[in-house]
Amino acid sequence: MSGIAFVLVTFLSSVLAGIIGALLGLGGGVVMVPVLTLFMGVHIYYAIGASIVSVIATSSGAAVAYVRDRLTNLRVGMLLEMATTTGAIAGALLIGIVNPRWLFVIFGLVLLYSAVQMFQKRKEELPPPVEPDKFTRRFRLRGSYYDHALGREVTYEPTHVAYAFPAMFGTGLISGLLGIGSGAFKVLAMDLIMRLPIKVSSATSNFMIGVTAAASAEIYFLRGYIEPFVAAPVALGVLVGAFLGTRIMVRIRGVALRYLFVSVLAILALQMLARGIWG
Amino acid sequence: MISLAQGKENPPAAKSLGEMEVAVSRILRIGVLTSTAIIAFGLFLLFLHDGLAVAHVSQILHSPPSTPTYPATLGELLRESARGNPAAIIAFGLVLLIATPALRVAATVFLFLREGDRLYAAITLIVLVVLMLSFFLGEAGF
């Protein structure tokens, strides 16, 4: 493949990764890693480095729009980020002690199970009202945003925050240990445990993954994983895609977002199982 | 609780938080746009430099990284960028991009403080400290 073709193909698939990442609160690794390794023949280390860049580009690229649209719940994000970043460090310290192959299998199965749970609530546009939670009140986590697709203001209150906290430590742990962004796990914890509206879960995860990824990006940079020739078209493409994704987010129905999320979740689960089983 | 009210139930605290978040996101946008411009410029230079030769592509891609193809210390990176080394310029842009989430957290500490929200200023500060800790662990070779 010629250099210019490589740059073009990488750029275009990164635009797709950016759109999907911004819509679903993921980093885009689900698109970038298979495209780069299987289709372009890029070494897995550079693919991992590129997906770390992709995570940060998605997060920072979508941030302005999601903050302006009031979709990001900054308080929820910061509160949970304490657990996630601590988990990420714990995970990085466990590298070499725990066999990642088992973890890929275990978390692949967790994702598969979550995909089924998510599929069961596919008709749910917004979560049903919840019992007010002491923790939620104490930490003032209530929020609201204007939903353009529904044409009205949506006010929500998260619940079970005390359970989401250890779950977020877990997502940090696996992202530090496995070198994955774990945005999918963050959205799942906010959706299935905290019962936030899907758009809020997505946008808040989008904020969080950037911070978590920044914690490990430096290590990858120093090790030479972030190859400029690969990472440049990825960064540029993902930034364009993330911007387009935020435009779609405003118009899309929560239900449609759920269908997309379940599909991507299933693909991600299979990817993780494959990495666990075949190395 | 989900309410159908047209924005009447917006607590005033949340509103001012929203305004200050927009201020933070503006800083973020400047960071993102600057890094984008630098990365694009570096890629353009790389293209002029060797026309993105085929040999270059396969050499980089099919072997695992042994030593980085860019200077990994900030001082070297700046010196090489100033000399017009395309890989160094791209890497510099990438470093800037990687720094944006950390900058965002740091700016948020100040904004919570300005709002008089000590609880969340403390929470955000903890996140920032843990983030810094991970940087140092990274330097230490973890």
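Residues numbered from 1 in each chain as written. Chains lettered and ligands numbered in written order. Predicted model: local features only at pLDDT ≥ 70, side-chain atom pairs only at ≥ 80, totals over all residues.

**Student:** Can you break down the overall build of chain A residue by residue, with the values?
**Tutor:** What chain A contains, in helices and strands, is 11 helices and 2 strands. Listing every helix and strand of chain A by position from the N terminus yields α-α-α-α-α-α-β-β-α-α-α-α-α. For 279 residues, the compact-globule estimate of 2.2 N^0.38 gives 19 Å, and the C-alpha radius of gyration of chain A, at 18 Å, lies within 12% of that figure. Considering only C-alpha atoms, chain A reaches an extent of 55 × 40 × 30 Å along its principal axes. A burial count over chain A gives 61% of its 279 residues as buried. Put simply, of all contacts in chain A between residues at least 6 apart along the chain, 83% involve residues at least 24 apart. (Helix = DSSP H or I, 4+ residues; strand = E, 2+ residues; numbered from the N terminus. Rg over C-alpha atoms; globule rule 2.2 N^0.38 Å. Buried ≥ 20, exposed ≤ 12 C-beta atoms within 10 Å, placed from the backbone. Contact = placed C-beta atoms within 7 Å.)

**Student:** Which residues make up the overall build of chain B, and what values do they have?
**Tutor:** For chain B, the count of helices and strands is 5 helices and 0 strands. Element order for chain B, N to C, with α for helix and β for strand: α-α-α-α-α. Looking at chain B as a whole, 33% of its 142 residues are labelled buried. Of the contacts formed within chain B by residues at least 6 apart in sequence, a portion of 55% connects residues at least 24 apart.

**Student:** If you had to explain unusual backbone geometry to someone new, which residues and values would you point to?
**Tutor:** Residue and element names in this part refer to chain A. Residue R70 is not a glycine yet carries a positive backbone phi of 60 degrees. Here R140, not a glycine, exhibits a phi torsion of approximately 50 degrees, which is positive. Examined against the element boundaries, R140 turns out to sit in the loop between α6 (134-138) and β1 (143-147). On the basis of neighbour counts, which here come to 15 C-beta atoms within 10 Å, the residue R140 falls in the partly exposed class.

**Student:** Provide a residue-level description of the confidence of the model for chain A, including the pertinent values.
**Tutor:** Mean pLDDT for chain A: 88, with 99% of residues reaching 70 or above. Here α6(A) stands out as the element of chain A with the lowest mean pLDDT, 84, in contrast to helix α10 (residues 228-251) of chain A, whose mean of 94 is the highest. (pLDDT = per-residue confidence, 0-100.)

**Student:** Run through the pairing of β1(A), naming residues and quoting values.
**Tutor:** All names here are of chain A. Relative to strand β2 (residues 152-156), β1 is paired through 5 bridges, and the arrangement is antiparallel. Across the sheet, the residue bridging to S144 is T155, located in β2. With antiparallel pairing between neighbouring strands as the criterion, β1 and β2 make up a hairpin whose turn holds 4 residues, including G151 at a positive phi of roughly 70 degrees. (Pairing = 2+ DSSP bridges.)

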